[in-house]
Structure formats: C-alpha cells, structure tokens
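Listed here are the chains, written in short residue letters.
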Amino acid sequence: MSDQKRPYRMTRRAELEELTRRRITQSAVELHEELGPARTSIAAIAERAGVRRSTVYRHFPNEEALFDACSSHWRAANPPPDPGAWATIEDPAERTKSVLRDLYAFYGRTQGMYSSLLRDEPLVPQVQRRLRDFYRYLDTIEDALMAGRGLRGRAVQRTRAAIGHALAFTTWSSLTEEQGLGDPDAVALMCMLVENASRTTSASTAARSAASTPSI
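Just so you know, these numbers come straight off a predicted model, no measurement behind them.

**Student:** Mind showing me how you'd approach the pattern of salt bridges here?
**Tutor:** Any two side chains of opposite charge can pair if their charged atoms end up close together. Using the criterion set out here, one finds twelve salt bridges in the structure. Note that E34 and R48 form a salt bridge whose closest N and O atoms lie 3.0 Å from each other. With E34 in helix 1 (residues 2-34) and R48 in helix 2 (residues 42-49), this residue pair connects regions lying 14 residues apart in the sequence. Note on R48: relative accessible area 36%, which makes it partly exposed.

This is the structure:
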C-alpha cells in the first residue's frame, strides 16, 4: 500500500510546487505593473503570493530567473499583433492604418505594464534587456511600413522617422492620455503624418520650381 501511495504523493507534491511557482510569478507580474520593477521587492512578492521569502528564492534563485518567468508569463497572456497579418496589404497607406489600429489597441490593453517598464527602463538592467526585444519588434514593423513606397533621398529618412514616431508607445500615450484623442483619431492623425512625410520632397520641389519660374 505504501508503495502505491508514493507515486501519488510525489505527483501531488509536484503539482503543489508548480502552483506555488505560478502564484509567485503572477504576484511578481502584478507588482511590476502596479509599482514598477524598480520598486518591487522579494518581500512584497512573497507577501502577495502568501509564501515566505525563502520559498521565492527556492523557486527563483536570482532576479534574472524571476524576470524570465514573469516575461514569459506576461507575454503568453498579452501577445502583440502578428506582423504576418499585415503582409498581404499592398497599399502602404492602408497597411499603415491597419498596423496602427492593431498596435494602438494592444497598447490600450497593456498600458499599465508598458508605462511601468518604460519608466523603470533606465533603472533596471533586466527591463532594458527585455525591452530590446520589443524595440526589435517595432523595427520589423517599421521596415514593413516602408516597403512599397518607392521613396528616395531625404524622403526616406523623414518617412521612416514619422513611422517610428507613430509606432512608439509614448506617442500613443501622449495622444490618448494627454491630448484626449480616441484611438481612431490618433490613428488618423499619425497616418496623415506618415503620408505627408512621404510627400514632402515632391511638394517642396514643386514649390521651389514654381517660385524660380519667371513670370511673363
């Protein structure tokens, strides 16, 4: 009988350990969002999870391991928009509109966490490392929005700068939180910025040409 119970007890113990690990991870994620990583202590995580500090360290021997678990847990629950969904949109202006609509909706769902992470980025090396992945993700989208525009010269730099500005979380936050725009108006405004940036060179050239043409 004892031999039969032993595997059950081992399985049950493993299940309880996994539940404890998840509770610690979820508690850390919640505190990172509410307070920011810089102000989240192991003691606070342990208190919220209902465990001892030693239990936290048993599951996560260092901050790097805890951040890895938190990042994986949070990303699984909050996946960013898939760039593949925009690949079939041939018109650059329509592609920009679709990207910003999806990305701004994502920012709205994840506002608390990104506000905390960006605020603490200069203070916490682990945050810096993990945000690099998100910046690379935005760079990939930026490249996709530049495709098919047929731009040359300074128009390339201006349009890329406009797109990069439009994609930034801080831009969305400023437009919606500080300026009071809804997402549709924020998207429309940034689309105008991007499209106007791509037209600046031709418009300026035409204006200079007209000004230099002698009147009859």
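Still more ground to cover, so stick around.
**Student:** For this particular structure, what's the right way to read the nonpolar core?
**Tutor:** In summary, soluble globular proteins display a tendency toward joint burial of nonpolar side chains. Within the largest apolar cluster, 48 residues are counted, with the highest numbers of intra-cluster contacts made by Y104, Y107 and L167. Ranked by residues supplied to this core, first place goes to helix 7 (residues 125-146) with eight residues. With near-sequence residues (within four places) excluded, Y104 lies in contact with A166, T171, W172, D183, A186, V187 and M190.

**Student:** Honestly, the packing of helix 4 (residues 63-77) against helix 7 in this entry has me stumped. Any pointers?
**Tutor:** Following both chains from N to C, one finds helix 4 and helix 7 inclined at 40°, their axes separated by 10 Å at the closest point. Considered as vectors, helix 4 and helix 7 are oriented oblique to each other. Remark: the crossing between helix 4 and helix 7 carries right-handed chirality. Residues E63, E64, F67, D68 and S71 of helix 4 pack against Q126, V127, R129 and R130 of helix 7. Taken together, the residues of the contact of helix 4 with helix 7 break down into two nonpolar, two polar and five charged.

About the cut-offs
- Residues numbered from 1 in each chain as written.
- Predicted model: local features only at pLDDT ≥ 70, side-chain atom pairs only at ≥ 80, totals over all residues.
- Heavy atoms only, no water.
- Salt bridge = Lys/Arg side-chain N within 4 Å of Asp/Glu carboxyl O.
- Helix = DSSP H or I, 4+ residues; strand = E, 2+ residues; numbered from the N terminus.
- Buried < 20%, exposed > 50% of the residue type's maximum accessible area, 1.4 Å probe, protein only.
- Core = buried A, V, L, I, M, F, W, Y, C linked by side-chain atoms within 4.5 Å.
- Contact = heavy atoms within 4.5 Å.
- Axes fitted to C-alpha atoms, helices over the stretch in contact; angles between N-to-C directions.
- Parallel < 35°, antiparallel > 145°, perpendicular 65-115°, else oblique.
- Left-handed = near helix turned anticlockwise from the far one by under 90°.
- Nonpolar A, V, L, I, M, F, W, Y, C, P; charged D, E, K, R; others polar.

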